[in-house]
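Structural features, examined
Spelled out, the chains give:
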Amino acid sequence: MTELLEQAPGYRASRTLPLRVEAMRQLRRRRTLVMAGMLAVLPLVLVVAFAVGDDEPGRRVSLMDTATASGLNFAAVSLFVSAGFLLVVPVALFCGDTVASEASWSSLRYLLAAPVPRTRLLLSKLVVALAFSAAALLLLPLVALGVGTAAYGWGPLMLPTGGSLPAGEALLRMLIAVCFVYVSQLVTAGFAFWLSTVTDAPLGAVGGAVGLVILGNVLDAVTALEHWREFLPAHWHFAWIDALQPELEWGGMLKGSAVSVSYATVLFALAFRGFRRKDIVS
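All of the points below concern the structure found in this document. Sequence order as written defines the numbering, with residues in each chain counted from 1. Under the rules for a predicted model, residues below a pLDDT of 70 receive no local features and side-chain atom pairs below 80 are neither given nor counted, while totals for whole chains, interfaces and linings still include all residues. Each side-chain value is derived from all of the structure's non-hydrogen atoms; neither hydrogens nor water enter the calculation.

**A few points about the packing of helix H10 (residues 186-198) against helix H11 (residues 202-220)**
Think of two packed helices as two axes; the pair is described by the angle between the axes and how far apart they sit. Heads up, the condition is: Angles here are taken between N-to-C directions and fall from 0 to 180 degrees, while the axes themselves are lines fitted to C-alpha atoms, restricted in helices to the stretch in contact. Strands are runs of DSSP state E lasting at least two residues, helices are runs of H or I lasting at least four, and both sets are numbered from the N terminus onward. Left-handed is the label given to a crossing in which the near helix is rotated counterclockwise from the far helix by less than a right angle, and right-handed is the label when the rotation is clockwise. In what follows, a contact means two residues having at least one pair of non-hydrogen atoms within 4.5 Å. Think of it as three bins: nonpolar holds Ala, Val, Leu, Ile, Met, Phe, Trp, Tyr, Cys and Pro, charged holds Asp, Glu, Lys and Arg, and polar takes everything else, Gly as well.
H11 packs onto H10 with a crossing angle of 150° between their chain directions and a minimal axis gap of 8 Å. As H10 packs across H11, the resulting crossing turns out to be right-handed. Of the residues in H11, those touching H10 at Thr188, Phe191, Ala192, Leu195 and Ser196 are Gly204, Ala205, Gly208, Ala209, Leu212 and Val213. Residues that form the contact of H10 with H11 fall into these classes: seven nonpolar, four polar and no charged.

Shown next, in the form of structure tokens:
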């Protein structure tokens with residue numbers, strides 16, 4: 001069959017399911033718009049929460065206590081409160097729903113009969129899913145920066161340990177932090193994508209990826225595991241805070257990135273290997 005297709009006039013496997021087509025299909029879906037709306041609304045909710053809340057004197061100063069110091073501080077706090085779990089959801093959603101939803105709609109076999117090579121189909125869906133995940137992770141701090149600047153003004157990033165970072169340098173540090181958060185979520189993306197290729201239930205793939213993160217957080221809380229916790233991606237979720245120190249520290253972020261990328265590479269490979277051999281009946 002493949003040889004006949006290759007001999008067909010005008011057929012090019014590389015032209016099937018272009019990225020722009022897949023991107024537009026995903027962009028028009030309701031869950032994409034709902035997720036974007038939720039991430040955009042969160043900073044507004046936080047502004048209201050800080051406005052009605054009262055500070056308790058005598059407590060140790062933390063990142064949360066600097067939230068209203070400037071727009072940059074507010075963006076950092078927004079990232080802090082969402083990086084552990086909320087930002088996991090769009091990654092799991094975009095990567096876990098992408099293939100399984102086609103199977104649940106019984107349209108997957110028709111895509112392959114178009115004919116779209118299996119590797120090409122998976123690659124297009126994976127690239128778009130990762131791009132949408134990156135956009136979601138970038139949307140929250142960008143909106144938070146705009147909302148925070150409007151509410152608290154533009155200024156340097158005030159550090160809980162004392163001192164501050166100039167606005168220009170702080171923006172670069174925030175970009176480094178967001179990039180690390182994205183890399184740390186690649187293991188979630190890999191697990192969700194692999195589940196999406198082995199099940200016809202999108203909620204199962206998304207829920208399984210979220211469950212993996214919850215399990216990782218639970219295991220990381222077990223101090224008896226000692227140094228074994230360093231092999232858990234969840235152990236490094238907040239290593240990006242090292243980027244917001246007076247002196248930039250790379251150690252934790254590099255270790256966390258290595259762990260996440262290693263797991264993600266294996267999971268993506270399993271997804272492609274299994275899907276190429278799978279009997280598609282949906």
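There is more to say after this.
**Considerations on helix H8 (residues 118-152)**
Stated formally: A helix is expected to span 1.5 Å multiplied by its residue count minus one.
Here H8 spans 51 Å end to end across 35 residues, near enough to the 51 Å set by a 1.5 Å rise per residue. Where H8 terminates, the next one or two residues include glycine 153, which has phi positive at roughly 90°.

**What to know about the pattern of salt bridges**
For clarity, the cut-off: Salt bridges are counted wherever a side-chain nitrogen of Lys or Arg sits within 4 Å of a carboxyl oxygen of Asp or Glu. Think of it in three bands: with a 1.4 Å probe and only protein chains considered, a residue is buried below 20% of the maximum accessible area for its type, exposed above 50%, and partly exposed in between.
Counted under the stated rule, the structure contains five salt bridges. Between aspartate 97 and arginine 31 there is a salt bridge, with the nearest N and O atoms lying 3.1 Å from each other. Remark: arginine 31 occurs in helix H3 (residues 30-52) and aspartate 97 occurs in helix H5 (residues 88-97); sequence separation between them is 66 residues. Overall, the relative accessible area of 14% leaves arginine 31 in the buried class. In this structure, arginine 173 engages glutamate 169 in a salt bridge whose closest nitrogen and oxygen atoms are separated by 2.9 Å. Within this pair, arginine 173 and its partner glutamate 169 are both found in helix H9 (residues 167-184), separated by four residues, close to a single helical turn. Exposure remark for arginine 173: the relative accessible area of 6% places this residue in the buried category.

**Section: the packing of H8 against H9**
Interhelical geometry of H8 versus H9 gives an angle of 145° and a closest axis separation of 10 Å. Considering how the two elements wind past one another, H8 and H9 form a crossing that is right-handed. Where H8 abuts H9, its residues Leu130, Ser133, Ala134, Leu137, Leu138, Pro141 and Leu145 lie against Leu171, Val178, Val181 and Tyr182. Partitioning the contact of H8 with H9 into residue classes produces ten nonpolar, one polar and no charged.

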